[in-house]
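Fold and geometry: a report
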Amino acid sequence: MEQAALFRWLQVRHPVAAGLAYHVPNGGHRVKAVAAKLKAQGVKAGVSDIVLPMARAGFFGLYIEFKASAPHSAVVSQSQRDFLHDVAQQGYKAAVCRGLDEAIKVIEAYLASAPTVVMVQVGEGR
């Protein structure tokens, strides 16, 4: 519910960011056959819940591992910590946010930072 509220807030407060941000639905319990099929299609344990592909403050984008606020908060798994470390090594900002308020603070601070200057190369498809 908190993550859904975050996306509603983002739509109102930062509509451009809301158009780019997305949730990665990697979690959840699935029948083994479905889980195997999804794994074959690229689903990976530990991938962060929210991605904001907007370059800011020298970073290429923001990855958030979203945990519910207490008393419903869960631990950050080793695969989640490893993923956050790995994307940070690739130039992304990586954060764990516990609850709506913390996620809003992280996103507000990130979006308030100066855009990262990137070279845009237009491919043949455009």
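Throughout what follows, the structure given in this document is the object of discussion. What you see is a predicted model; the values in this text were computed from it and never measured.

Once that is clear, we can look at the pairing of strand E4 (residues 93-98). Two strands pair when backbone bridges link them, and strand E3 (residues 62-67) and E4 are joined in this way by six bridges, in the parallel orientation. By the bridge assignment for E4, Leu62 is matched with Lys93. Taken together, E3, helix H4 (residues 78-89) and E4 constitute a β-α-β crossover, and its handedness is right-handed.

Okay, the nonpolar core next. Residues Leu6, Leu10, Leu52, Leu62, Ile64, Ile107 and Leu111 are the most contacted members of the largest nonpolar core, which totals 20 residues. Among the elements that make up this core, the one with the highest residue count is helix H5 (residues 100-112) (six residues). If near-sequence neighbours (up to four positions away) are discounted, Leu6 is found in contact with Ile50, Phe66, Leu100, Ala103, Ile104 and Ile107. Within the second largest apolar cluster, six residues are counted, among which are Val24, Val51, Tyr63 and Phe83.

Analysis parameters
Along each chain, the written sequence defines residue order, and numbers are assigned to residues from 1. pLDDT decides what is reported in this predicted model: residues at 70 or higher carry local features, side-chain atom pairs at 80 or more are listed and counted, and totals for whole chains, interfaces and linings draw on all residues regardless. Note: side-chain values were computed over all heavy atoms of the structure, leaving out hydrogens and water. One bridge is not enough; two strands pair if DSSP finds at least two bridges between them. Helix and strand definitions follow DSSP, with helices as H or I runs of at least four residues and strands as E runs of at least two, each counted in order from the N terminus. Looking down the strands as they point away from the viewer, one classifies a crossover as right-handed if the path from the first strand across the helix to the second runs clockwise. As used in this record, nonpolar core signifies buried Ala, Val, Leu, Ile, Met, Phe, Trp, Tyr and Cys residues forming a set joined through side-chain atoms within 4.5 Å. Only protein chains enter the accessibility calculation, which uses a 1.4 Å probe. A residue is then buried if its area is under 20% of the maximum for its type, exposed if over 50%, and partly exposed in between. Whether two residues are in contact is decided by their heavy atoms, any of which lying within 4.5 Å being enough.

In short, geometric facts, not functional conclusions.
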